[in-house]
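Examining the three-dimensional arrangement
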Amino acid sequence: MSKLVPPHGGKGLVCCLLEGAAREAELKKAAGLKQIEISSRTKGDLIMMGIGGFSPLNGFMKKADWKSVCEKMTTADGTFWPVPVTMDISKEDAAAIKVGDEVALVRKGETFATMKVEEIYEMTEADKKWECELVFKGEGPDSQKFWEVALEDHPGVKMVMEQKEFNVAGTVKVLSEGDFPTKFAGVYKRPAELRAEMEERGWANVAALQLRNPMHRSHEFLAKIAIEVCDGVVIHSLVGALKPGDIPAEVRVKCIDTLVEKYFVKQNVIQAGYPLDMRYAGPREGLLHATFRQNYGINRMIIGRDHAGVGDFYGMFEAQTIFDKIPYVNEACPEPGKALICTPLKIDWTFYCYKCDGMASLRTCPHGKEDRVILSGTKLRKALSDGAPVADHFGRDEVLEILRAYYEGLTEKVEVKMQQAASGSVMK
């Protein structure tokens, strides 16, 4: 009997991936179906459904689920889910298919899945704006101020507003994991594979560190705090698509390899990757991170300062406090398994303090911000992109060497905007 937390939803791992003869037969059938070109985000969602990472989802959400997730953070049947998982299609594709049809979902010539169409529903501009205000706005400014900047500066909002005119819902049969198993061999892991590895180590209480930036000293400190209070930590990197200017996954994986090799007790840490694109949904994305980590066997989600944040859209610890407001067992999710079990490991703002002569947090360091090295992925990317010096104790020398080599090889650089949190200007 596994000691690990059960998958989310109460149905075990729901895996939509076909293999062997069943996959070959479905691929042959897909060749004769109407083909719908999918986005990079949809590709990642499909793969997560395939490998069980999005359990209990087995397809894209119907309108009732979309509406309920936006409003209540539960699907229509009362299962906790914080962010819509929908698939958009053009007006022309919507007119060419009907409920009951089967379609092939393709990207750049590769067939990723087939879908049994169960519902087609229009997404007006007003619908998209409504979704954005509920999912992306958080506790920030009023709607007018939010929209004054969101269309230019919020990649998640821009992604939703640029979606096509209709959504299509239905169950899927997944036929490909793309190039993730080969490109990130040994790092990309299905939930069942990661669970087996953790069970072999005898882990029961496991924390995840979410990474989309190179691992700096603050990340390292967070991981080591988790190791002190849990059986082990999974350094779980997003290896799907990011926004322009972010550092690609293969570079970040190399940095983590170096850190684990030189600065961790190896039996207490696992490096892994998952195939999603970032949604940039701020606090709601923090909840999504915890939800699918439960499927990987993880019961604690490290949530630090501005987790999954975008610019200055969210409060520094809004991704922590949102866990205190979500539907739990005795409220909206009374059925066994439908509530979120993975809980946050909340950690205060961390930094290197010269006077403390080490890593510290606002809970442990009595000194002023002039004595602190403010650590953030944005600040690191800004310095490296500009060719500026990186402050002492910001990152390990071995990691900075890898990152400098990457930036020196770039022919085009994207401007990195600094936000208040990254600069440390809001620290008291």
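We now turn to the structure provided with this report.

What counts and how
- Residues numbered from 1 in each chain as written.
- Predicted model: local features only at pLDDT ≥ 70, side-chain atom pairs only at ≥ 80, totals over all residues.
- Heavy atoms only, no water.
- Helix = DSSP H or I, 4+ residues; strand = E, 2+ residues; numbered from the N terminus.
- Rg over C-alpha atoms; globule rule 2.2 N^0.38 Å.
- Buried < 20%, exposed > 50% of the residue type's maximum accessible area, 1.4 Å probe, protein only.
- Contact = heavy atoms within 4.5 Å.
- Areas by Shrake-Rupley, 256 points an atom, 1.4 Å probe, with all protein chains shown as cover.
- Lys, Arg positive; Asp, Glu negative; His and termini not counted.
- Charge placed at Lys NZ, Arg CZ, Asp CG, Glu CD.
- Pairing = 2+ DSSP bridges.
- Right-handed = clockwise from strand over helix to strand, strands pointing away.

Turning to the overall build of the protein, a few remarks are in order. Across its full length, the protein holds 16 helices and 14 strands. Relative to a compact globule of 428 residues, whose C-alpha radius of gyration would be 22 Å, the protein shows 21 Å and is just as compact. C-alpha atoms of the protein, sized along the principal axes, occupy 65 × 50 × 50 Å. Counting all 428 residues of the protein, 57% fall into the buried class. Within the protein, contacts between residues separated by at least 24 positions form 75% of all contacts whose residues are at least 6 apart in sequence. If you sum the accessible surface of the protein, you get close to 17,800 Å²; carbon and sulfur atoms cover 49% of it. For the protein, the separation between the mean place of its 57 positive charges and that of its 61 negative charges on side chains is 1 Å.

Let us now look at the pairing of strand 9 (residues 269–274). With six of its six residues buried, strand 9 lies for the most part within the structure. With burial as the criterion, each face of strand 9 is covered, one bearing Val 269, Gln 271 and Gly 273 and the other bearing Ile 270, Ala 272 and Tyr 274. Two strands pair when backbone bridges link them, and strand 8 (residues 232–238) and strand 9 are joined in this way by six bridges, in the parallel orientation. In the strand pairing of strand 9, Val 233 is matched with Val 269. One crossover worth recording links strand 8 to the parallel strand 9 by way of helix 11 (residues 249–263), and it is right-handed.

What follows covers the side chain of His 307. Mapped onto the elements of the fold, His 307 is located in the loop between strand 10 (300–303) and helix 13 (318–321). Residue class for His 307 comes out buried when judged on its relative accessible area of 10%. Every residue in contact with His 307, bar those within four places of it in the chain, is listed here: Gln 210, Gly 282, Gly 286, His 289, Met 301, Ile 302 and Ala 319.

Turning next to the pairing of strand 7 (residues 206–211). If a strand is regular, its side chains alternate between the two faces of the sheet. Counted residue by residue, strand 7 has six buried out of six residues, so it is predominantly covered. In strand 7, alternate side chains face the same way, and those of Val 206, Ala 208 and Gln 210 on one face and Ala 207, Leu 209 and Leu 211 on the other are all buried. Pairing analysis gives six bridges linking strand 7 to strand 8, with the strands arranged parallel. Its bridge partner lying in strand 8, Leu 211 is registered against Ser 237. Read as a crossover between parallel neighbours, the route from strand 7 over helix 10 (residues 217–229) to strand 8 is right-handed. Inspection of the sheet shows strand 7 paired to strand 10 by two bridges, in the parallel sense. Counted as the bridge partner of Ala 208 is Met 301 from strand 10.

All quantities given are derived from atomic positions and should not be read as evidence of function.
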